[in-house]
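# Structural overview
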Amino acid sequence: MNLEELNPQQRKAVEITGGPILIFAGAGSGKTRVLTHKIAYLVKEIGLPPDNILAVTFTNKAADEMKQRVQELLNMDVSSMSVGTFHSISARILRREIQLLGYSNDFVIYDQDDSRALVKTVIKDLNLDEKSFVPKAMQAHISKAKNQMISPEIFANTVEGFLDEKTSEIYSQYQKALKSNNALDFDDLLLKPIELFNEFPGRLDYYQNKYQYVLVDEYQDTNKPQFEFIQALSREHRDVCVVGDDDQSIYSWRGADVNNILNFSDTFGEAHIIKLEQNYRSTKTILECAWAVVSKNTARAEKKLWTDNKQGEKLSLIECRDERDESWKILKIIRDETVHGSFGFDDLVILYRTNAQSRVVEDVLRREGVPYEIIGGIKFYARKEVKDVLAYLRLIVNPTDGVSFDRIVNFPVRGIGKTTIEKIHALAKENDLSYLQVLEDLGKLSIGAKQKKSLHEFNQLIHKFRNSYKEQNAANITRDLLLDIDLQNYYGNQNTQEALERWGNVEELLNSITDFQDNRDESGLREFLEEVSLLTDIDRWNKSDKAVTLMTIHSAKGLEFPVVMIAGLEEGLFPLGPQSYELEELEEERRLFYVAVTRAKKKVYLSYANARRRFGGAPMPAVQSRFISELPENLVEVNGGPQQAAYSKSFTPKPSFQSASSSSSKLQKGDQVAHKLFGNGRILDVEGEGESAKLTIIFSGNVRKKLIAKYANLSPLKTASF
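Described in the following lines is the structure provided in the data block. (Residues numbered from 1 in each chain as written. Predicted model: local features only at pLDDT ≥ 70, side-chain atom pairs only at ≥ 80, totals over all residues. Heavy atoms only, no water.)

## Overview of the overall build of the chain
Assigned secondary structure in the chain consists of 31 helices and 22 strands. In terms of overall size, the chain behaves like a compact globule, its C-alpha atoms giving a radius of gyration of 28 Å where 722 residues would be expected to give roughly 27 Å. Reported as C-alpha extents along the three principal axes, the dimensions of the chain are approximately 80 × 70 × 65 Å. Looking at the chain as a whole, 53% of its 722 residues are labelled buried. (Helix = DSSP H or I, 4+ residues; strand = E, 2+ residues; numbered from the N terminus. Rg over C-alpha atoms; globule rule 2.2 N^0.38 Å. Buried < 20%, exposed > 50% of the residue type's maximum accessible area, 1.4 Å probe, protein only.)

## As for the environment of D205
Looking at the secondary structure, you find D205 in helix 10 (residues 201-210). Judged by relative accessible area, which is 42%, D205 ranks as partly exposed. Through-space distance from the C-alpha of D205 to that of E236 is 9.3 Å; in sequence the pair is 31 residues apart.

## What about the pattern of salt bridges?
Pairing is possible between side chains of opposite charge, provided their charged atoms come close. Applying the stated criterion across every chain, the model contains 53 salt bridges. The salt bridge partner of R359 is D363, with a shortest N-O separation of 2.8 Å. Pair noted here: R359 and D363 are both in helix 16 (residues 358-367), with a separation of four residues, about one helical turn. You'll find R359 and D363 in the same group, each marked buried. The salt bridge involving R359 is made with E508; its shortest N-O contact spans 3.0 Å. (Salt bridge = Lys/Arg side-chain N within 4 Å of Asp/Glu carboxyl O.)

## Observations regarding the packing of helix 4 (residues 86-97) against helix 10
Any two packed helices are characterised by the angle at which their axes cross and by the distance between the axes. For the pair helix 4 and helix 10, interaxial distance at closest approach is 13 Å and the crossing angle is 130°. Considering their axes alone, helix 4 and helix 10 lie oblique with respect to each other. Of the two elements, helix 4 crosses helix 10, and the hand of that crossing is right-handed. For the pair helix 4 and helix 10, contact is made by I93, R96 and E97 and by R203, Y206 and Y207, respectively. When its residues are assigned to classes, the contact of helix 4 with helix 10 shows three nonpolar, no polar and three charged. (Axes fitted to C-alpha atoms, helices over the stretch in contact; angles between N-to-C directions. Parallel < 35°, antiparallel > 145°, perpendicular 65-115°, else oblique. Left-handed = near helix turned anticlockwise from the far one by under 90°. Contact = heavy atoms within 4.5 Å. Nonpolar A, V, L, I, M, F, W, Y, C, P; charged D, E, K, R; others polar.)

## Description of helix 19 (residues 418-431)
Taking 1.5 Å of rise per residue, 14 residues should cover 20 Å, and helix 19 covers 20 Å from first to last C-alpha, within 8% of that figure. Of the surrounding secondary structure, the elements contacted by the buried residues of helix 19 are helix 18 (402-408), helix 20 (435-438) and helix 21 (449-466). Residue D432 follows helix 19 closely and has a positive phi angle near 55°. (Expected span 1.5 Å × (residues − 1).)

## Remarks on the pairing of strand 2 (residues 53-57)
With five of five residues buried, strand 2 lies mostly within the body of the structure. Residues of strand 2 alternate between two faces, with I53, A55 and T57 on one and L54 and V56 on the opposite face, all of them buried. Bridge analysis of strand 2 against strand 6 (residues 213-216) gives four bridges, and the strand direction is parallel. Considered in strand 6, the bridge of V56 is made with V216. With four bridges connecting them, strand 2 and strand 3 (residues 82-85) associate as parallel partners. Bridging across to strand 3, V56 finds its partner in G84. Once the chain exits strand 2 it traverses helix 3 (residues 60-74) before rejoining the sheet at strand 3, and the crossover so formed is right-handed. (Pairing = 2+ DSSP bridges. Right-handed = clockwise from strand over helix to strand, strands pointing away.)

## Brief notes about the environment of F516
Here F516 is to be found in helix 24 (residues 497-519). Judged by its relative accessible area of 3%, F516 falls in the buried class.

## So, unusual backbone geometry
Of all residues except glycine, most have a negative phi; of all peptide bonds, most are trans. Here the amide bond leading from F411 into P412 is cis, since omega sits at -10°, within 30 degrees of zero. In this structure, the amide linkage connecting F574 to the following residue, P575, adopts the cis form with an omega of 15°. Located in the positive-phi region is N127, a residue other than glycine, with phi close to 60°. With respect to the helices and strands, the residue N127 is situated in the loop between helix 5 (112-125) and helix 6 (135-147). Since its relative accessible area comes to 71%, N127 is described here as exposed.

## Notes on the sheet that holds strand 2
Taken in spatial order, the six strands line up as 3-2-6-7-1-8 in an open sheet, and their pairing is parallel. The open sheet has two edge strands with one neighbour each: strand 3 and strand 8 (272-276). In this sheet, neighbouring strand axes are inclined to one another by 15° on average, regardless of whether the strands run parallel or antiparallel. Strands strand 1 (21-25), strand 2, strand 6, strand 7 (240-244) and strand 8 of the sheet are contacted by helix 2 (residues 31-44), whose axis makes an angle of about 170° with strand 6. Along the sheet face, helix 4 touches strand 2, strand 3 and strand 6 and points at about 120° away from the line of strand 3.

## Quick look at the sheet that holds strand 19 (residues 679-687)
On the basis of which strands lie adjacent, the open sheet formed by five strands has the order 21-20-19-18-22 and antiparallel pairing. Each edge of the sheet is formed by a strand with only one pairing partner; in this case those strands are strand 21 (703-708) and strand 22 (715-717). Taking each pair of neighbouring strands and ignoring which way they run, the sheet shows an average axis angle of 40°. As judged from the four bridges shared by strand 18 (residues 672-675) and strand 19, these two strands associate in the antiparallel manner. Bridge pairing in strand 19 places Q672 opposite R682.

## Comments concerning the packing of aromatic side chains
Scanning the entire structure with this criterion turns up 21 aromatic pairs. Between Y392 and F458 the ring centres are 6.4 Å apart and the planes differ by 65°, which places this aromatic pair in the edge-to-face class. In this pair, Y392 sits in helix 17 (residues 384-397) while F458 sits in helix 21, placing the two residues 66 residues apart along the sequence. Across the pair, F458 and Y392 agree in class, each one buried. The ring centre of Y251 lies 3.8 Å from the NZ or CZ of R254, which sits over that ring. When the ring centre of F411 is taken as origin, the NZ or CZ atom of K384, which lies over that ring, is 4.4 Å away. (Phe/Tyr/Trp six-rings, centres within 6.5 Å; stacked < 30°, edge-to-face > 60°. Lys NZ or Arg CZ within 6 Å of the ring centre and 35° of its normal.)

## Structural notes on the environment of K384
Summarising the element assignment, K384 is placed in helix 17. Taking the relative accessible area as the measure of exposure, K384 reaches 40% and is therefore partly exposed. When the C-alpha positions of K384 and L163 are compared, they lie 30 Å apart, and in sequence the two are 221 residues distant. Polar contacts involving the side chain of K384 include one to the side chain of D388, which spans 2.6 Å. (Polar contact = N/O pair within 3.5 Å; in protein donor to acceptor, adjacent residues only side chain to side chain.)

## Thoughts on helix 16
The buried fraction of helix 16 is high, at nine of ten residues. The set of residues buried in helix 16 consists of S358, R359, V360, V361, E362, D363, V364, L365 and R366. Of the residues trailing helix 16, G369 is marked for its positive phi of about 70°.

## Some words on the pairing of strand 19
Where strand 19 and strand 20 (residues 694-699) come together, six bridges link them in antiparallel fashion. Among the inter-strand pairings, I683 is bridged to a residue of strand 20, identified as I697. The turn joining strand 19 and strand 20, which pair antiparallel and follow one another in sequence, is formed by six residues; a positive phi near 90° is taken by G688.

Shown next, in the form of structure tokens:
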């Protein structure tokens, strides 16, 4: 087999066999080529039959691409080879074996919506209040427990208090209901094979013999069940090869554990460790800047990417007044690179930390006729939470809008079901009335008293704003509406990251309305809704492959672009939120920055705003991200000029009580301290010295955090106060 096209380290990774192998594959180092060549090498040179190989990855697209490349390398049928995602491989096993666990082989797989609907039914059957036990939040609790391999029985033994007790009941009943329905949710697909292997060792023996060589891609993204699955299959023969990059581990929020790759040798025994450090994608400057930031992390394997590519241009740092100024400067970059430069629209990507950031950028691109496409998300005004609020506003302006009525009459939940809505439709059609007009005389509707009360209150709400929307400005109307329907608490009570992002998008819609008012002579609610409708039409007309790409950094993983623009480099946004005080979360944010920068082949633009608007109010002052100050000064150009000015503004923590250096130098194990976010606490452990010391602290409510002294802003307390 010809391996001449591989570099020495790639070739070593392909040819080495026998025992556990860990391949650290940095960004742009050719890991897919190595994996596919290794599989082909196992078949052609080692003589392993294709059906004795298991290759696992995280996306169907990656699995299909891997299988196709192997087939091209071998020029033979490899359809018997097991290549797929963890979920698809597990489902394949369970179709053959699940009857041993009391299910039938024609089980169904519930998606997120199906799962949530079942949780909702369970809550109702237990006579619990949905406002106290929000189905979406309960679903998230159950999923988190499953990702940690905590069964309903184990969960029940760890409850503390009424809420935990009821959550445990919901989890237990939900699992029973799944089995009654002969259904598995996505988490069960990962857990049931492990349950099968534990309860029926003979079946584990069968799959250990079948899969004589196991390969895993993106190993840094594995969670506990995925780790247990791979370990079970390979612990006897120990012929397991994993490929990954701890510097690109960015999914802890969905259960991924970077320690799986960092502790690989401890788990599987003495392993061959190979580092693919030659990068084929980026310039020397880009790699040097990316390494300068990620190397500040303590929980990482030592490695550094290098390249034979050109030195390349410096990173460009763009200072902006606010998010609107940032969007116009991004537009200027796009024009400069496409009109005066040598790049097309499809060579450019705009990356951001949160989905809500895309709105103001979208508005500018749309108004200026720049084609764009959002990956890993949907266009801002097409997002459900945005369309829900827009539906309220449309019904206020146009009371005969039946589509908007249907969308919001039971949002947020008012107990108005499908049958009630059908009765409203029938009565409206029979009497030639709008749906709202039907609500004027609820006596004609044969529905329960509770539904009548809810519909009366909904009708009163719409009429209240219909009577005032022409006199008040659009932002005030929207702000008052959101308060009346208590939308912030609706999302807040769900207590999930997705719900918080949805509320963030609603806040961004309010910012959009405020922006509209600031830039239009005629800026009423009707005019705003008209503009949004017209812009949506342009969106559909302007769809093209030759378009600027917009996406979150998480969505960009594995992709590459000649020109990368990273927006919103401010404290609290990137790194995100108060969790950036914690060591583990800060290091993941740093890895996320590394992923963003290493998407670039030629150029990187970094932008930050000195102020950013929230909830339609005045812009709030913002502080430049600490990641900017971690970049080499000689490799960053500020707005085309000297960089000293920007670096003088770079992130400097401002302690609440005293300087970080003086306070951190005095802190010891056992000290009582106060933190502006977490409250009072006691230091359990101190690792290191000075402002770089890592402090393990137990706060009120038994909340344990690991903080960096430099950023923690702690105040010593003389006596214990909790």
